[in-house]
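Observations on chain architecture
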Amino acid sequence: MFTVQDEIYRYNEERWEALVEADALFTRPMLDLDEERARAYLGLERLGLPGDLTGRKVLCLAGGGGQQSAAFALLGADVTVFDISSGQLERDRSAAEHYGTTVRTVQGDMRDLSALEGSSFELVWHPYSLTFVPDCRIVFREVAKVVGTGGHYYLMCANPFFSGLTHHSWNGTGYLLTQPYTDETATSYPDQDWVYEPSAHRIQEPREYRQTLSRMTNSLIQEGFVLTFLSEVRGDYPGAEPGSWAHFTGVAPPWLESVWRYRPGTL
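A brief look at the structure comes next.

Here helix H1 (residues 7–21) spans 21 Å end to end across 15 residues, near enough to the 21 Å set by a 1.5 Å rise per residue. Here the buried face of H1 lies against helix H5 (86–99), strand E3 (103–107) and strand E7 (207–209). Looking one or two residues past H1, Asp-23 carries a phi angle of roughly 55°, positive in sign.

And the structure:
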């Protein structure tokens with residue numbers, strides 16, 4: 001069991017505050033949305049999620065920065081943002097002010113959602129962040145406490161088979177896997193050049209932990225979730241230069257997207 005504001009918490013909080021200061025890609029609020037663009041950005045239809053969000057309770061989990069929250073709020077959802085970074089949450093509030101909408105912001109660790117207990121969200125939207133903590137089971141247990149029966153859980157995470165790889169892993173013939181495929185294997189690698197201007201900022205590298213597909217899937221099933229959608233997020237770049245980011249994402253899909261319906265007691 002983790003301790004509130006343990007070393008993992010402090011590392012992630014400090015790193016994300018530094019990313020906000022550097023105006024990194026994932027910290028920039030979306031300020032040019034309208035309803036049509038917001039709907040296209042979220043891709044709800046592609047994911048098989050309800051399109052009418054009016055009044056629906058949505059939790060953006062570890063999803064601060066004024067991007068997803070702005071889109072959901074524009075579509076009429078009742079939005080709560082939970083994030084470890086106060087700077088990220090400030091950007092959610094500034095985006096809401098820009099659009100004349102309202103969002104609730106709560107600072108904390110995704111491994112402890114007690115501040116949201118009893119919320120019964122209809123949609124939990126969890127962008128890339130699961131690998132920032134060692135044990136996904138703790139997170140899924142907390143999500144199950146705050147999503148309502150019949151609610152949806154959208155999860156985007158690292159593709160566990162390629163976790164820790166980047167285009168820098170190119171060895172002339174392929175992308176070399178060197179780390180064991182085990183849960184909680186720690187890895188660290190430089191941020192991509194497109195995330196922020198590296199020459200202007202010195203930021204700790206992301207520290208991530210592998211979550212095997214079997215642990216993720218079985219843990220969600222045990223918590224009462226039923227899979228309704230699964231997709232590999234990959235590039236499609238014919239002719240890309242081997243060893244480039246474009247080529248890497250076409251060969252080794254780096255992310256997974258899934259949608260789960262909370263149906264406790266169905267096993």
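Attention now moves to the pairing of strand E2 (residues 78–83). Of all six residues in E2, five are buried, a share of seventy percent or more. Bridge count between strand E1 (residues 57–61) and E2: five bridges; the pairing is parallel. Along E2, the bridge assignment pairs Leu-59 with Thr-80. Each parallel crossover has a hand, and for E1 linked through helix H4 (residues 68–74) to E2 it is right-handed. For E2 and E3, the ladder comprises five bridges, and the chain directions are parallel.

Turning our eyes to something else, we now look at the packing of aromatic side chains. For any pair of aromatic rings, geometry is given as the distance between the ring centres together with the angle between the planes. Tallied over the entire structure, the rule returns twelve aromatic pairs. With centroids separated by 5.2 Å and ring planes inclined at 75°, the aromatic side chains of Phe-72 and Trp-125 adopt a geometry described as edge-to-face. Taken together, the residues span a long stretch of sequence, with Phe-72 in helix H4 and Trp-125 in strand E4 (residues 121–126) at a distance of 53 residues. Each member of the pair, Phe-72 together with Trp-125, is buried. For the pair Tyr-128 and Phe-132, a centre-to-centre distance of 6.0 Å together with 70° between the ring planes defines the contact as edge-to-face. On the basis of relative accessible area, Phe-132 is assigned to the buried category, the value being 10%. The positively charged end of Lys-57 is found above the aromatic ring belonging to Phe-121, 5.5 Å away from the centroid.

Calculation criteria
- Residues numbered from 1 in each chain as written.
- Predicted model: local features only at pLDDT ≥ 70, side-chain atom pairs only at ≥ 80, totals over all residues.
- Heavy atoms only, no water.
- Helix = DSSP H or I, 4+ residues; strand = E, 2+ residues; numbered from the N terminus.
- Expected span 1.5 Å × (residues − 1).
- Contact = heavy atoms within 4.5 Å.
- Buried < 20%, exposed > 50% of the residue type's maximum accessible area, 1.4 Å probe, protein only.
- Pairing = 2+ DSSP bridges.
- Right-handed = clockwise from strand over helix to strand, strands pointing away.
- Phe/Tyr/Trp six-rings, centres within 6.5 Å; stacked < 30°, edge-to-face > 60°.
- Lys NZ or Arg CZ within 6 Å of the ring centre and 35° of its normal.

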